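Chain by chain, the residues:
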Amino acid sequence: MTALALAPVLRSEWAKIRSVRSLLVALSAAFVATVGVTLLVHATVGRSEADNADFEPVYGSYFGLNFGHIAAVCFGVMAVAGEYAGGGIHLSLAAVPRRGLFWAGKLLVLGAAALPVGLATGFGCFLGAQALLGEYGVGLGAPGALRSAVGCGVYLALLTVFSAGVAAVVRSQVGALSVLTPVVFLISPVFAGVSGIGKAVSFLPDRAGQQILHPVPEGPLGAWSGMAVMALWTALAAAAGWWSLSRRDA
């Protein structure tokens, strides 16, 4: 695979994203929902919560991420499963018969599109939340603050690619969301505090990836080791998507 061969694939995949309004809406919603909910919460109860003994201004800046990463999942799923639903995958593979080249180009574009939106989300959440906290707020120089803002962007980009890999295996938007919804949104909150299961839950993609948002990570994983686990999940999903694409008829 050469850069010369990959370049037109990247352009075509980027053109797909720009031309499908639902993809642009989902990508924008990751920023709007995360930052919007975070600012709304901090504007209403932020300073009163700051008096609590367990108040953490850095991690609390990403309160809205629980809403925003739904949009990141939808963006990754729709970008892949949408081609199967509409039959566009046949045209894509006719234009790019080398399926490995096609898959690599799609994932690179999805990750590259999600990363700057994720970074804007991370910095928007942190700076906006700290401004609303007033004298209780901290700056980017606080321990773990800059790392958390950058990590938020990386997390959302990896989550997008992870979701795309799952969608390539399932080949259905509803099916992919049925798999991802419990994995990303339900299992961790429900079982994190259960004795004997909590440590295992820490290695799920969402729980592991979000450790980087904590100034002092909780559980068996650190900030970067948690992100490494998230990256491993993403690589496995991407590999599974490639296997499905290469072994099964479109």
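Just so it is clear, the model here is predicted, and its values are computed rather than measured.

> Kindly report on the environment of Ser12, identifying the contributing residues and their values.
If you trace the backbone, Ser12 turns up in helix H1 (residues 3-19). For Ser12, a relative accessible area of 30% translates into the label partly exposed. Along the primary structure Ser12 and Lys106 are separated by 94 residues, whereas in three dimensions their C-alpha atoms are 9.0 Å apart.

> Quick one: what's the story with the UniProt feature "transmembrane region" (unreviewed entry) in the protein, residue by residue and with numbers?
The sites that carry the UniProt feature "transmembrane region" (unreviewed entry) are, in the present numbering, residues 20-43, 63-86, 107-133, 145-170, 177-201 and 221-245. Along residues 20-43 one finds 96% helix and 0% strand; the C-alpha atoms at either end are 34 Å apart. The distance from the first to the last C-alpha atom of residues 221-245 is 33 Å, and the span holds 92% helix and 0% strand.

> Requested: an account of the confidence of the model for the protein, with residues and values cited.
With 92% of its residues at a pLDDT of at least 70, the protein reaches an overall mean of 88. Within the protein, helix H8 (residues 198-201) has the poorest average pLDDT of any element, 76, and helix H6 (residues 145-170) the best, 96.

> Which residues make up the nonpolar core, and what are the values?
When a protein is soluble and globular, its nonpolar side chains tend to lie buried together. Within the largest apolar cluster, 58 residues are counted, with the highest numbers of intra-cluster contacts made by Tyr62, Phe75, Val80 and Leu159. Ranked by residue count, the leading element in this core is H6, at 14 residues. Those residues in contact with Tyr62 that sit more than four places away from it in its chain are Thr38, Gly122, Cys125, Phe126, Ala145, Ser148, Ala149, Cys152 and Leu213.

> Could you give me a rundown of the state of the cysteines, with the residues and numbers involved?
In total, this model carries zero disulfides according to the counting rule given. Here Cys74 stays free of any disulfide, with the sulfur of Cys152 as its closest cysteine sulfur at 17 Å. Between Cys152, a cysteine without a disulfide, and Cys125, which holds the nearest cysteine sulfur, the sulfur-to-sulfur distance is 5.9 Å. Accessibility expressed as a relative area gives 0% for Cys152, which makes it buried.

About the thresholds
- Residues numbered from 1 in each chain as written.
- Predicted model: local features only at pLDDT ≥ 70, side-chain atom pairs only at ≥ 80, totals over all residues.
- Heavy atoms only, no water.
- Helix = DSSP H or I, 4+ residues; strand = E, 2+ residues; numbered from the N terminus.
- Buried < 20%, exposed > 50% of the residue type's maximum accessible area, 1.4 Å probe, protein only.
- UniProt positions renumbered as here; feature names shortened; annotations may be inferred.
- pLDDT = per-residue confidence, 0-100.
- Core = buried A, V, L, I, M, F, W, Y, C linked by side-chain atoms within 4.5 Å.
- Contact = heavy atoms within 4.5 Å.
- Disulfide = S-S within 2.5 Å.

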